[in-house]
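Observations on the model geometry
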Amino acid sequence: MDMQDVKAALKAQQIEVPSWAFGNSGTRFKVFTQQGVPRDPFEKVADAAQVNRYTGVVPRVSLHIPWDGVADYAELARHAADLGVAIGAINSNVFQDDDYMLGSVTHPDPRVRRKATDHLLACVDVMDATGSQELKLWFSDGTNYPGQDDIAARQDRLAQSLAEVYARLGEGQRFLLEYKLFEPAFYTMDVPDWGTAYAHCIALGDKAKVVVDTGHHAPGTNIEFIVAVLLRAGKLGGFDFNSRFYADDDLMVGSADPFQLFRILWEVRRGNGFDPSLNGGLGVSFMLDQCHNIEPKIPGQIRSVMNVQEATAKALLVDVEAITAAQAAGDVLGANAALMDAYNTDVRPLLREVRTDLGLDPDPMAAYAASGYAEKIVAERVGGNQAGWGA
Ligand code: LRH
Ligand code: MN
């Protein structure tokens, strides 16, 4: 790619931020509160719009239901549009109700399964009301002890619920099925890996794709291999980007392993995953799924977006001719060097140019800090209930 094409691709990049990253979050040990945290979905969307204002590449914010429950979803979508963003993926939540202790759509009791499936269908209603094109489905469903339930029977129950939701999807809508190796279940998760998610999506059709959460794999998993295989099969719908040192740490993407993020985005480029016309025009969704437990949340999101931009720029700088020729010639070191040369390129000056071309401050972190927004929300957001993972 010549530099003009690289810059054009970086200007056209679209990254989606999660509403829940702006609320309080933590671990089972403690959820630390921060001043200025949003009290409702309107304030969360306003904070997400700040990330777009200073990076220029964040046109959408994901919602989580019921954490982002409002009386009028169309009003929330209009509020977002007034701030220059749109509502992205709608995330269902069948993991915080006592009824779901033994599972939601996989629960042995058909009444519980009905309740869970009805929630998923209600999330499609939210898509209709907000103009969202994506439903993101993550199930905490699983078991903790061998013999606790029948593994295959739970797969049947899951498939039945997914089929009902799939049938409900409208024109231009799809769902993304998310997998996770463990937690909160510790013996089986009903969608533990890409293969299980892929099998369910293949059985349903084109509107069912797999989402890769980078924190949901066993240590040492070659995630870019999964990305290459899913892209090749036309089943990569998107990413939940974050990073981890150990488990589902939900840290800032690229902060723990920037080389892994680069390798993933190289496979995205190799598989034509940056092409917005892919997947029937819905493309691949690059979403963040993170928690800023101890760091300021809006700057944390801005830094995360910059980390994705930097890894993307490096992936776009890989000399495809050189690496292809070396691979064909069996030139192991030559091929590896072609990739490492791109990875070892300092792309920050290039991204400063891109931001300047977009009419933005070349340094988003400094521009946000100088804006006074952080001080404004601390002063304004007094009283009320700070948002979190509760509701
Ligand atoms: C589950 C998960 C899922 C979301 C939640 C916030 O670990 O990755 O994507 O519903 O985090
Ligand atoms: Mn996720």
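Located above this text is the structure these notes cover.
Residues numbered from 1 in each chain as written. Chains lettered and ligands numbered in written order. Predicted model: local features only at pLDDT ≥ 70, side-chain atom pairs only at ≥ 80, totals over all residues. Heavy atoms only, no water.

**Some remarks on the pairing of strand 6 (residues 174-178)**
Burial within strand 6 is extensive, with five of its five residues counted as buried. Here strand 4 (residues 134-138) runs beside strand 6; their pairing, made up of five bridges, is parallel. Note on strand 6: the bridge partner recorded for glutamate 134 is arginine 174. Pairing between strand 6 and strand 8 (residues 208-213): four bridges, direction parallel. Looking across to strand 8, one finds that leucine 177 is bridged to valine 210. (Buried < 20%, exposed > 50% of the residue type's maximum accessible area, 1.4 Å probe, protein only. Helix = DSSP H or I, 4+ residues; strand = E, 2+ residues; numbered from the N terminus. Pairing = 2+ DSSP bridges.)

**Looking at the environment of alanine 81**
Within the fold, alanine 81 resides in helix 3 (residues 73-82). The partly exposed category is assigned to alanine 81, whose relative accessible area is 49%.

**Observations concerning the sheet that holds strand 3 (residues 86-91)**
An order of 1-2-3-4-6-8-9-10 is seen for the eight strands of this closed barrel, with the pairing classed as parallel. Strand-to-strand twist of the sheet, defined as the mean angle between neighbouring strand axes without regard to direction, takes the value 30 degrees. The strands that helix 7 (residues 223-232) touches are strand 8 and strand 9 (236-241); relative to strand 9, the one it contacts most, it runs at about 155 degrees. (Axes fitted to C-alpha atoms, helices over the stretch in contact; angles between N-to-C directions. Contact = heavy atoms within 4.5 Å.)

**Focus on the site of ligand 1**
In the vicinity of ligand 1, the contacting residues are Trp20, His64, Lys136, Trp138, Glu178, Lys180, Asp213, His216, Asp240, Asp248, Asp289 and Trp389. A distance of 3.1 Å separates an oxygen atom of ligand 1 from a polar side-chain atom of lysine 136. Contacts to ligand 1 include aspartate 240, whose side-chain N or O atom sits 3.0 Å from an oxygen atom. A breakdown of the residues in the shell around ligand 1 according to their chemical character gives three nonpolar, two polar and seven charged. (Near = heavy atom within 4 Å. Polar contact = N/O pair within 3.5 Å; in protein donor to acceptor, adjacent residues only side chain to side chain. Nonpolar A, V, L, I, M, F, W, Y, C, P; charged D, E, K, R; others polar.)

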